[in-house]
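Letter by letter, the chains look like this.
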Amino acid sequence: MAVQHRVRDLSLAPAGRHQIRLAEHEMPGLMALRERYTASQPLAGARIAGSIHMTVQTAVLIETLVALGAEVRWASCNIFSTDDAAAAAVVVGPSEQGGTPEDPRGVPVFAWKGETLEEYWECTDQIFRWDGVDGPNMILDDGGDATLLVHKGVEFEAAGAVPSAGEDDSEEYRVILETLRRSVAEDGQRFTRMAPGIKGVTEETTTGVHRLYEMQRAGTLLFPAMNVNDAVTKSKFDNTYGCRHSLVDGLNRATDVLIGGKTAVVCGYGDVGKGSAESLRGQGARVLVTEVDPICALQAAMDGYQVVRLEDVLDQAHIVITTTGCKDVITAEHLQGLRDKAIVGNIGHFDNEIDMAGLARVPGVQRTEIKPQVHEWTFPDGHSIIILSEGRLLNLGNATGHPSFVMSNSFSDQTIAQIELFTKPDEYPTGVHLLPKHLDEEVARLHLDALGAKLTELTKSQAEYLGVDVAGPYKPDHYKY
Ligand code: NAI
């Protein structure tokens, strides 16, 4: 049967396949998991609804899940983050399967670069539509939108109607309600039937994990969840070293402005902020940091960054980057106060860090498209600022996201988390769980050889002295890294 899909252009598949082949070489963790588990097929019977940026690296993840026995349907978790060639290649499938653009034999993907919000939520809805069964039995999520759709679906089906407005007056929430209204009109028990069959969700990012803990606290979480983000090999690598690479990549592809000598403000000094500040400093920028948390502010100061308030440095900043996972970090007032041609971008998960709606409401402001995902906003006094990716994460909107090697760590965590939740339901009741530390260490171990790193082995007596096993885990759970 033809593979269902909605992607830009299947003829891009050969180009995507070349990139996937090179990415596989840079993703030793995922390839080792394929080698280890292809024979035993731990994900046989898993029907995974996936929502992560549809990049080249995600293509390697998808094909790893399939190699381990899973069936998969995929959407992107952002309207700008899809690599159209990678999406096409996943639909056509690996060459061994003999698929062609005319006869695709790969995995259903619903994603293209530059979706509208309506299209985005239709694509997310598509990953829950499985032929002949009630839906997926696993979710792999990034930012929590797929998880949100199921939870809201169940909530509104129980209420018998979708409200006309809700807790949030954003355009996005309006579109979510519209999507669910269509679904409920078509089948008022669709999500209610689906949810009990979902064995769990594995969540990729800080913001999605935040949503999961909120649902756990409120007692509304419907199935077990694995917090993949807080695996050490995820947040301390992808969030930091990934952004250290992809932030300047996005800035360069978007603007090609020399970063050296400029003043850059990084809002937030968590894992993403640390990598972002380092990347800008690496290019020779003078980097200032804003923080609300005294510990992170002190870390920034110790790392040599001046800690400031944004309103005090608007006239100095050539570049302002938000990395907070918080909302309204740069207000419309801040934006108007910035110097001429200041570049403003966000690398946090959602587009609410910069008040884009407030900017659009400034009387007399004009928006000019320089190129897709790069816009100049000109104020009535004639000065202008450049906004990247309309306030959405610029490393995926203006560039191609993190490089393969770092994503191999995150996606190995994801694959192992899927295996854990799918194969050991008794060990993970409804609630939010962390990946066991020995598996976290295992993911790191899978990446050492490729870098020529030689690990020292503890002797038995050294291990006893430290109170650990020779084979690990080497640190107590409270260790901070
Ligand atoms: P984090 O919690 O480690 O860091 C966020 C920091 O921002 C915290 O230190 C917090 O105190 C600070 N903060 C919060 N509100 C603030 C405000 N109003 N002003 C200044 N500072 C403020 O979170 P992490 O892991 O760094 O993630 C940040 C965001 O980036 C999340 O939305 C996450 O989902 C996203 N993310 C994006 C990636 C990408 O590739 N673009 C990769 C990984 C995470």
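Keep in mind it's a predicted model, so treat the numbers as computed, not measured.

Parameters and conventions
- Residues numbered from 1 in each chain as written.
- Predicted model: local features only at pLDDT ≥ 70, side-chain atom pairs only at ≥ 80, totals over all residues.
- Heavy atoms only, no water.
- Near = heavy atom within 4 Å.
- Polar contact = N/O pair within 3.5 Å; in protein donor to acceptor, adjacent residues only side chain to side chain.
- Areas by Shrake-Rupley, 256 points an atom, 1.4 Å probe, with all protein chains shown as cover.
- Helix = DSSP H or I, 4+ residues; strand = E, 2+ residues; numbered from the N terminus.
- Buried < 20%, exposed > 50% of the residue type's maximum accessible area, 1.4 Å probe, protein only.
- Contact = heavy atoms within 4.5 Å.
- Pairing = 2+ DSSP bridges.
- pLDDT = per-residue confidence, 0-100.

### A word on the site of the ligand
- Near the ligand lie 25 residues; those nearest to it are T205, T206, T207, E291 and I347.
- V272 is positioned such that a nitrogen or oxygen atom in its backbone is 2.8 Å from an oxygen atom of the ligand.
- In this structure, N395 approaches the ligand through a side-chain N or O atom, which is 2.8 Å from an oxygen atom.
- Look at the ligand: alone it shows 860 Å² of surface, and the protein chains cover 84% of it.

### Things to note about the environment of D145
- Structurally, the position occupied by D145 is in helix α6 (residues 145-159).
- Take D145: its relative accessible area is 2%, and that puts it in the buried class.
- Sequence separation between D145 and W121 is 24 residues; the distance between their C-alpha atoms is 8.9 Å.
- Beyond its immediate sequence surroundings of up to four residues, D145 is in contact with Y120, W121, T124, E172, R211 and F350.
- Within the structure, the side chain of D145 is placed 3.0 Å from the side chain of R211, a separation counted as a polar contact.

### Quick notes on the sheet that holds strand β10 (residues 319-322)
- Pairing in this open sheet of eight strands is mixed, and the strands run β9-β8-β7-β10-β11-β14-β13-β12 from one edge to the other. Only two strands of the sheet have a single partner each, and these edge strands are β9 (306-307) and β12 (366-371).
- Pairing between strand β13 (residues 374-378) and strand β14 (residues 384-388): five bridges, direction antiparallel. Each bridged residue has a counterpart across the sheet, and for E376 the counterpart in β14 is I386.

### Quick notes on the confidence of the model for the protein chain
- Counting all residues, the mean pLDDT for the protein chain is 97, and 100% of those residues have values of 70 or more.
- Two numbers describe this predicted complex: its pTM, 0.97, and its ipTM, 0.99.

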